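Summary of structural features
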Amino acid sequence: TVRYLLEADGSAKELTFSLLASRVIGLTYLFLAIYNDFSFIEVCVFLPLQSLVRLVLNIVFLKKTINGAGRAKFNGKWAKDNLALAFPIMISGAIFPLFIQADILLIAFYLGDEAVGLYSAPMRIISQAGFVGVAIMAAVYPLLVVKYNGDIEQFNSVVKIVAKFMFLVSFTASLLLYLSSELIINTLFGDKYLESIGVLKVLSWVVVFLISSKLYSALVIIQGNTKYELVKAIVAVTLNLLLNVLLIPDYGINGAAIASVVAYFFADFFSYYIFKQLKPISEVISCSLCGLLSPIKTVTEFKQIER
């Protein structure tokens, strides 16, 4: 809630700072925990730690914003309308952890705790990449809302520029993770995690969808089609479960990684081509692929959005 209030106020710099600062502090703790051979539970503290740091920073920034604003009045109709719009997102947010944890639970069931560790290590690295998409959207979301409510042609133009840029960033990040998988695993986890290298190579392609999806989900919200976020979440969880059951027994932790890539592909890419109401977003996705053909032009256009 605090983050959304800052987004609505256009506090992109504050949101980006809190995001980066919390990730740096969380990852610093993670590296120290691994280096000093902390217990598994002590290592996992880095997740609530980075969330706590971000929350505190956002509250500080929000307090400054509120102090400079006038007295607010509660609008019951506005609250009711927006709660109905947000409800599918709230439910999908509750379902999504099942999507994330399904592979972990099934790996533990089929392969044991050691395999869970070998799979969790690269998955934690991949999940951190999502903050890049969040940071970009924190900067451009207020602009998109203004354009959508004002000039639809300018809105479409800005969306295409942002889409190309985010896909370029997504693909570049995935490629770098794929090429440096061995170096990353050896540096962070050591020889005991050699089997995790192959997993990271597969999971690196999740980042293509993980970063870009932040824009597509924002467009779903802006265009008032939030119910499809819930549909996507349900289908993604179901697909992930089925694929894990089919692939883990034969392909081990690599099978779980493949299942994750396929599930992310469906949830954050292919699903937009299925539903007629989401056709405008599927057109944006198709356009975003062109960003790879002219990367310099894509970056230049993105820098000039606010000019």
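Further up the page is the structure itself.
All of the points below concern the structure found in this document. Worth saying up front: this structure is predicted, and the values here are computed from it rather than measured.

The subject of this paragraph is the pattern of salt bridges. All told, the structure shown has one salt bridge when counted by the stated rule. Between E229 and K232 there is a salt bridge; the shortest N-O distance is 2.9 Å. Of the two residues, E229 and K232 both sit in helix α12 (residues 227-268), three residues apart, roughly one turn of that helix. You'll find E229 and K232 in the same group, each marked buried.

Here D268 shows up in helix α12. The side chain of D268 is buried and forms no salt bridge, while K232, the nearest opposite charge, is found at 4.1 Å. Setting aside anything within four residues of it in sequence, one finds D268 in contact with F209, S213, Y216 and K232.

To continue, consider helix α13 (residues 279-288). The set of residues buried in α13 consists of I281, S282, V284, I285, C287 and S288. Next to the buried residues of α13 lie α8 (152-179) and α11 (206-222).

The next thing to look at is the packing of aromatic side chains. Summed over all chains, the structure comprises 14 aromatic pairs. Look at F165 and F302: their rings are 3.8 Å apart centre to centre, the planes differ by 5°, and that puts the pair in the stacked class. Pair noted here: F165 is in helix α8 and F302 is in helix α14 (residues 295-303), with a separation of 137 residues, a long-range link. Pair check on accessibility: F165 and F302 agree, each one buried. Measuring from ring centre to ring centre gives 5.2 Å for F189 and Y193, while their planes differ by 40°; the resulting arrangement is tilted. Classification of Y193 as partly exposed rests on a relative accessible area of 26%. Taken together, the ring pairs in this structure connect F209, F265, F266, F269, F270 and Y273 into an aromatic cluster. Residue placement shows K201 over the ring face of Y178; its charged tip is 4.6 Å from the ring centre.

This paragraph deals with helix α9 (residues 181-188). Considered for burial, the residues of α9 that qualify are S181, I184 and I185. For α9, the angular spread of the buried residues around the axis is 90°, confining them to a single face. α9 presents L183 and T187 as exposed residues on the side facing more than 90 degrees away from its buried surface. The secondary structure elements touched by the buried residues of α9 are α6 (113-128), α8 and α10 (195-203). Residue G190 follows α9 closely and has a positive phi angle near 90°.

With respect to the helices, strands and loops of the structure, S204 is situated in the loop between α10 and α11. The class of S204 is buried, set by a relative accessible area of 0%. Here K201 takes part through its backbone oxygen, which lies 2.6 Å from a polar atom of the side chain of S204. Aside from chain neighbours lying at most four places away, what touches S204 is I126, S174, L177 and Y178.

Each value, and the rule that gives it
Residues numbered from 1 in each chain as written. Predicted model: local features only at pLDDT ≥ 70, side-chain atom pairs only at ≥ 80, totals over all residues. Heavy atoms only, no water. Salt bridge = Lys/Arg side-chain N within 4 Å of Asp/Glu carboxyl O. Helix = DSSP H or I, 4+ residues; strand = E, 2+ residues; numbered from the N terminus. Buried < 20%, exposed > 50% of the residue type's maximum accessible area, 1.4 Å probe, protein only. Lys, Arg positive; Asp, Glu negative; His and termini not counted. Contact = heavy atoms within 4.5 Å. Phe/Tyr/Trp six-rings, centres within 6.5 Å; stacked < 30°, edge-to-face > 60°. Lys NZ or Arg CZ within 6 Å of the ring centre and 35° of its normal. Arc of directions from axis to C-beta. Polar contact = N/O pair within 3.5 Å; in protein donor to acceptor, adjacent residues only side chain to side chain.

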